[in-house]
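# Tertiary structure, described
Here's the letter readout for the chains.
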Amino acid sequence: MEYFLVLIVFVVAVLVFLVSRHFYHRRISQIRYSHDSARDDFLKQLSNSWVDRENFETILSSMVEGVIVINSKGKIEHASPNFCQLLELRSKETQDKLYWEVIWNQEINDSLKEALLHKRAVRKEINIIGPQESFFSMQISPVMDREDKLLSLIAVFHDITELKKLEKIRAEFVANVSHELKTPLTAIKGFVETLKTSAKDDPVALVRFLDIIEKQAQRLENLVNDLLILSSIEFKEVKMNFMAESLNKIIHSVTALQKKIIEDKGHQITVDIPADLPNILVDRLRMEQVFLNLLDNAVKFTPPGGKISIQARWEKSFVSVEVKDNGVGIPAEHLSRVFERFYRVDRARSREAGGTGLGLAIVRQIVSAHQGKIEVESSLELGSTFRIFLPCQI
């Protein structure tokens, strides 16, 4: 029995690890491929249009990349508008100035100097530290004549700040998954060892320990399910079945599911949805999941005898829905991060309540997939209000 439980837990743990590795890898690979493909196409266009000055200027102006052309003497012949916007420069006047008179960053200047001296391509990632840290992929390509004489350098700068942020998030995500796995796996391992030794002949302890093992295994299963849901929504692998649905029916369906736990905690819940409210364009199952998560959080993090309200209003082409409670609230410094994966305001309380740390991240992804938005307002010990805006069917 014990070995069977351990085997199940091991399989679940492997699944979580594989999902966590795959979760961001695919998105980052897609962005890298897009960046590399765009850069290669751009350099090919420049090479083909070098003799056509008018076409060359048009290409420079239209590219999202920052581009400069430097002659063999180190003077800037052309600079795209985006080059001047992407980098902080010593001077806004770039024409016929030496590159080091215009560019602040020493690493960029050293790379340009290397390309000029050795007449070879240079490719680097540049980290610029300022008020807002930014990252650039820089490729410097020499343009040679038929006699292998250097005519000029073409330097292309692609902003990869978003890509770097994703890579950082991926690393944090894997670390968080590992941390989330550690607690239930440690508990299961410890109680299995106890069952094999001192508790194996104690029927009462046997049942109690098996209950704990079952609870921890359920946590692992919930984690896997939430990861799969989040991944499938983010990568648009779930086909949304958008239909005009009654918000009133969705909300009452959700409150019915939570009725027992609401009554057990002695909460008072009010639902205020106008009778003339237009239908909303949603995937009903996914939208029920959104409000179930929000209501579940309100119930869990509101002390017994609390008040929870759900209100809806019609605002032009959108319907706004508020889920409000008078619970423990969220400190102001945490509000900007509550929709991040695995972010918890109070880790101990969240785990005790059975949360995976992915509920609000799933809510945000589902709302975004519906072309809506979600906001949160909260004060410590005064409660929280989650406000969702959804397109409606008029």
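## Observations regarding helix H12 (residues 359-369)
- For H12, the set of buried residues is Leu-360, Ala-361, Ile-362, Val-363, Gln-365, Ile-366 and Val-367.
- Close packing links the buried residues of H12 with helix H7 (203-234), helix H10 (284-300), strand S11 (373-379) and strand S12 (383-393).
- Where H12 ends, the next residue or the one after it, Gln-371, has phi of about 60°, a positive value.

## Points about empty space enclosed by the protein
- Going through the model one piece at a time under the given rule, you end up with two cavities of 30 Å³ or more.
- Of the voids in this model, the second largest cavity is the one considered here, and its volume is about 40 Å³.
- For the second largest cavity, the full set of lining residues is Leu-294, Asn-297, Ala-298, Val-323, Lys-324, Asp-325 and Phe-386.
- Mapped by element, the contributors of at least two residues to the lining of the second largest cavity are H10 and strand S10 (318-325).
- Along the lines of polarity and charge, the residues of the lining of the second largest cavity split into four nonpolar, one polar and two charged.

## Let's talk about the sheet that holds strand S5 (residues 150-159)
- What the five strands build is an open sheet, ordered S2-S1-S5-S4-S3; its pairing is antiparallel. The open sheet terminates on both sides in strands that have one partner only, identified here as strand S2 (76-79) and strand S3 (122-128). Averaged over neighbouring strand pairs, the angle between their axes works out to 20° when direction is ignored.
- When strand S1 (residues 66-71) meets S5, the two strands line up antiparallel, connected through six bridges. Paired with Ile-68 across the two strands is Ala-155, which belongs to S5.
- Sitting on the sheet, helix H5 (residues 106-118) is in contact with S1, S3, strand S4 (134-144) and S5, with an inclination near 170° to S3.

## Things to note about the packing of H7 against H12
- Here H7 crosses H12 at 25°, and the two axes come no closer than 10 Å. Between H7 and H12, the crossing angle belongs to the class labelled roughly parallel. For the pair H7 and H12, the sense of crossing is left-handed. Of the residues in H12, those in contact with Asp-226, Ile-229, Leu-230, Ile-233 and Glu-234 of H7 are Ala-361, Ile-362, Gln-365 and Ile-366.

## Side note on the pattern of salt bridges
- Counted under the stated rule, the structure contains 14 salt bridges.
- Notably, a salt bridge pairs Lys-164 with Glu-167, separated by 3.6 Å at the nearest N-O pair. Taken together, the positions of Lys-164 and Glu-167, both in helix H6 (residues 161-196) and three residues apart, correspond to about one turn of that helix.
- Relative accessible area serves as the criterion here: at 19%, Glu-167 is assigned to the buried category.
- Taking the shortest distance from any N to any O, the salt bridge between Asp-264 and Lys-260 comes out at 3.0 Å. Taken as a pair, Asp-264 and Lys-260 lie in helix H9 (residues 259-264) at a separation of four residues, close to a single helical turn. In this pair, the class of Asp-264 matches that of Lys-260, namely exposed.
- Overlapping salt bridges bring together Arg-313, Glu-315, Glu-322, Lys-373, Glu-375, Glu-377 and Arg-387 as one network.

Reading the values: the criteria
- Residues numbered from 1 in each chain as written.
- Predicted model: local features only at pLDDT ≥ 70, side-chain atom pairs only at ≥ 80, totals over all residues.
- Heavy atoms only, no water.
- Buried < 20%, exposed > 50% of the residue type's maximum accessible area, 1.4 Å probe, protein only.
- Helix = DSSP H or I, 4+ residues; strand = E, 2+ residues; numbered from the N terminus.
- Contact = heavy atoms within 4.5 Å.
- 1 Å grid on protein atoms, 1.4 Å probe; cavity = no way out; pocket = protein on both sides within 12 Å on 5 of 7 lines; lining within 4 Å.
- Points joined across faces, edges and corners; volume = space filled by probe spheres on them.
- Nonpolar A, V, L, I, M, F, W, Y, C, P; charged D, E, K, R; others polar.
- Pairing = 2+ DSSP bridges.
- Axes fitted to C-alpha atoms, helices over the stretch in contact; angles between N-to-C directions.
- Parallel < 35°, antiparallel > 145°, perpendicular 65-115°, else oblique.
- Left-handed = near helix turned anticlockwise from the far one by under 90°.
- Salt bridge = Lys/Arg side-chain N within 4 Å of Asp/Glu carboxyl O.

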